[in-house]
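Structure at a glance
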Amino acid sequence: MLSKTNYKRFINCEASLWYQRNNYQDLIQPDLLTQDSFDQGRDFENLAQIKISSGLKEKEVFMIEGFKPFEYKEMEDATDVAINNPEIKMIFEASFSNKYSAFSMIDCLEVEEVGDDYHFSITEIKNSSSVKSGHILDISFQVWVLRELGNIVNTIKIAHRNSNFIRKSRHDDVNVMAEELITIVDVTDKVNNYISKNKKVFIENTQRAENVKKGSPLPTKKISNNCKTCPARELCIESFKDPSVFNLISRSWRTKNSLLEKNIISLDDLYNKYGEGLTGLKINEDEKFVISNHRNKTDYINKEKVKEHLVSLEFPIYSFDFETVNSAVPIFEESRPNQQIPFEASIHKLHENGKLEHFLYLQEEKTDPRSAMIEFLTRSIDGDTGSVVVFNSPFEIGVLKELVIYDISFKEKAQNIISRVWDLQDIYKGRAIYIRDFLSGWSLKKITKSCLSENFYEKEAVSDGVEAFVGYRRFLNNLMNDNETAAFMKGLKRYNAIDTMIPLIIIKELFKIIDLKSESFKNISEDNINNMEN
């Protein structure tokens, strides 16, 4: 059977479907971020089901459940029984397959008996703020499967998030939450138009996909930008050897896709095609700079530019970082879907005389952390002067502005903090320094690797931001026991403290690179991390 998900996998790359069908499931499991997205999707789907079925009696709604993933016939049989039950008006996860072995599991199927026939209306649930083009493909595949069976599908809808939703106290009532968070949009005309243009494509693709089976030859890999999100990407690792088009060209998407379609992947491929001057290659100047450095196997340092940044630092220096959590279904009052809520902040304060202080706030209760966070920031980033060092200022500034919306009394202090922001990323983003290991990016971890003796994140219980916010959401949702919570909170404190210590170490190294001495940084070293409390 070819499910909707595998159909999309097939049209992106036949090899991806081959890996899935040839017992490579263990190797293509979702990563932590993808799995978290699935989990949030289920939470959203539960609320959507409440809204979609409102007004119906409990006995009129039926869920197809309790089956293993590949028990297609059993799911279809259960669906058939439910459809023929005159009491049932709505079926969740109704399952069908047509003569092309295309399998469809409908999020919501409404059943209406008209004479001797059944008329259907379907609703697909999407954890999104609007209807996307990919959603139309998804639901068109579902409807095509049903209609190939001779079924009459009248109305076609998509349920998605209300982008203007703000949680209030009344939303503690799950029915009120569902009613106001979920928006339902009629997409019947769009789907009908899509199917009329692509019916033959559906048939041809499903028939071709039948040839991709267990034991069949591995199809030719279709290298494209889709590879970056393909669950089987690690199995095609030879296509991702550094440096390559994947990681040398970051913004010129059309050029990148065009190159990949021509099987131009490696650095040598680029120069073989376009020559030493890369004549005719439509990329921006920064991408040319990156490719040239890799071609010449050189790193780059513009000491004057680095100095311009460093001499603009003002003491005391506050090295500052937030950890945030978001949720498709807002957890706290006065918050929106997927709004970044800061639950932890770390500040390392370096005085001009070399004195170093550390302040940290972590909300360890399952309550809204924002008021306490505002108090912490007001108290810890004191005075009106001193650089506030961050990495990726748009994020920290965005969170600060959201705190102002939450509490307008914080506006003056937030504006003062924002006016003092000094972004370490700017040195690397502006290419004052370029190390080839950065490829087309300049993440804090890449920079750390280039100038510190070890990867301090690697050995930590919480080693990156994804682990931090996914773990914190699990904590909020009561998915940790007491021992797990204690270990997680301890790991969070170390992780966030390391995140604000490392920029100071990097800045000290930058002073060394440009041969500029700074007595203020004399006590800043990797020992500051090694000596942190465990």
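Just above sits the structure.
The text that follows walks through the structure, step by step, so that each part is easy to find. Everything quoted here is computed from the prediction, not taken from an experiment.

Turning next to the packing of aromatic side chains. Scanning all chains against the criterion turns up 22 aromatic pairs. Arranged with centres 6.1 Å apart and planes meeting at 70 degrees, the rings of phenylalanine 70 and tyrosine 72 form a pair that is edge-to-face. Exposure remark for tyrosine 72: the relative accessible area of 16% places this residue in the buried category. Ring plane angle 5 degrees and centroid distance 3.8 Å describe the contact between phenylalanine 343 and tyrosine 472, whose orientation is recorded as stacked. Taken as a pair, phenylalanine 343 in strand E9 (residues 341-350) and tyrosine 472 in helix H18 (residues 465-476) lie far apart in primary sequence, 129 residues in all. Comparing phenylalanine 343 with tyrosine 472, the two get one shared label, buried. Linked through ring pairs, Tyr7, Tyr100, Phe141, Trp144, Tyr194 and Phe202 together constitute an aromatic cluster. In this arrangement the basic side chain of arginine 295 is found over the ring face of tyrosine 271, its NZ or CZ atom lying 4.1 Å from the centre. Residue placement shows lysine 445 over the ring face of tyrosine 457; its charged tip is 5.1 Å from the ring centre.

Moving on to the sheet that holds strand E5 (residues 152-161). Sheet strands pair by backbone hydrogen bonding; their relative direction is either parallel or antiparallel. On the basis of which strands lie adjacent, the open sheet formed by 6 strands has the order E1-E2-E3-E4-E5-E6 and mixed pairing. Here the strands that pair on one side only, and so sit at the sheet edges, are strand E1 (61-63) and strand E6 (182-186). This sheet shows a mean twist of 40 degrees between the axes of neighbouring strands, independent of strand direction. Where strand E3 (residues 103-114) lies against strand E4 (residues 117-125), 7 bridges are found, and the strand directions are antiparallel. Looking at E4, one finds that glutamate 110 is bridged to serine 121. Set on the sheet, helix H7 (residues 188-209) makes contact with E5 and E6; between it and E5 the angle comes to about 120 degrees.

The next point concerns the nonpolar core. Counting residues in hydrophobic clusters, the biggest one holds 72 residues, and the most contacted among them are Leu310, Ile427, Tyr428 and Tyr472. Ranked by residue count, the leading element in this core is helix H19 (residues 482-513), at 14 residues. Excluding its chain neighbours within four sequence positions, the residues that come into contact with isoleucine 427 are Val306, His309, Leu310, Trp422, Ala432, Ile433 and Leu510. Tyr7, Ile106, Val145 and Ala232 belong to the second largest nonpolar core, which has 48 residues in total.

Here we take up the packing of helix H3 (residues 32-52) against H18. Orientation of H3 relative to H18, taken along the N-to-C sense of each, is 30 degrees, at an axis distance of 10 Å. Overall, the two elements H3 and H18 adopt an arrangement that is roughly parallel. The way H3 lies across H18 gives a crossing that is left-handed. From H3, Leu32, Leu33, Asp36 and Gln40 reach across to H18, where they touch Val466, Glu467, Phe469, Val470 and Arg473. A per-class count over the contact of H3 with H18 returns 5 nonpolar, 1 polar and 3 charged.

Quick look at the side chain of serine 327 now. Residue placement: serine 327 occurs in the loop between strand E8 (317-325) and E9. Given a relative accessible area of 12%, serine 327 falls into the buried group. Here the side chain of serine 327 touches valine 329 through a polar contact of 2.8 Å, landing on its backbone oxygen. Excluding residues within four positions of it along the chain, serine 327 makes contact with Gln40, Arg336, Pro337, Asn338 and Arg473.

Using the criterion set out here, one finds 27 salt bridges in the structure. Between arginine 167 and aspartate 172 there is a salt bridge; the shortest N-O distance is 3.1 Å. Judged by relative accessible area, arginine 167 falls into the buried class, the value being 13%. Through salt bridges with shared partners, a single ionic network connects Lys8, Lys126 and Asp138.

Pairing is mixed across the open sheet formed by 5 strands, whose spatial order is E10-E9-E8-E11-E12. Whereas interior strands pair on both sides, the edge strands pair on one side only; in this sheet they are strand E10 (356-362) and strand E12 (421-423). Ignoring strand direction, the axes of neighbouring strands in this sheet form an average angle of 25 degrees. For E8 and strand E11 (residues 388-390), the ladder comprises 2 bridges, and the chain directions are parallel. Following the sheet pairing, tyrosine 318 is matched in E11 by valine 388. Against the sheet, H18 touches E8, E9 and E10, its axis set at about 50 degrees to E8.

What follows concerns the packing of helix H12 (residues 303-310) against H19. Each pair of packed helices can be described by the angle between their axes along with the distance between the axes. Running from amino to carboxyl end, H12 crosses H19 at an angle of 135 degrees, the nearest separation of the two axes being 10 Å. Relative to H19, the element H12 is oriented oblique. As H12 runs across H19, the sense of the crossing is left-handed. The residues of H19 that touch H12, namely those facing Lys303, Val306 and Leu310, are Ile507, Leu510, Phe511 and Ile513.

About the criteria used
- Residues numbered from 1 in each chain as written.
- Predicted model: local features only at pLDDT ≥ 70, side-chain atom pairs only at ≥ 80, totals over all residues.
- Heavy atoms only, no water.
- Phe/Tyr/Trp six-rings, centres within 6.5 Å; stacked < 30°, edge-to-face > 60°.
- Buried < 20%, exposed > 50% of the residue type's maximum accessible area, 1.4 Å probe, protein only.
- Helix = DSSP H or I, 4+ residues; strand = E, 2+ residues; numbered from the N terminus.
- Lys NZ or Arg CZ within 6 Å of the ring centre and 35° of its normal.
- Pairing = 2+ DSSP bridges.
- Axes fitted to C-alpha atoms, helices over the stretch in contact; angles between N-to-C directions.
- Contact = heavy atoms within 4.5 Å.
- Core = buried A, V, L, I, M, F, W, Y, C linked by side-chain atoms within 4.5 Å.
- Parallel < 35°, antiparallel > 145°, perpendicular 65-115°, else oblique.
- Left-handed = near helix turned anticlockwise from the far one by under 90°.
- Nonpolar A, V, L, I, M, F, W, Y, C, P; charged D, E, K, R; others polar.
- Polar contact = N/O pair within 3.5 Å; in protein donor to acceptor, adjacent residues only side chain to side chain.
- Salt bridge = Lys/Arg side-chain N within 4 Å of Asp/Glu carboxyl O.

From the geometry alone we can't say anything about function, so treat these as descriptive.
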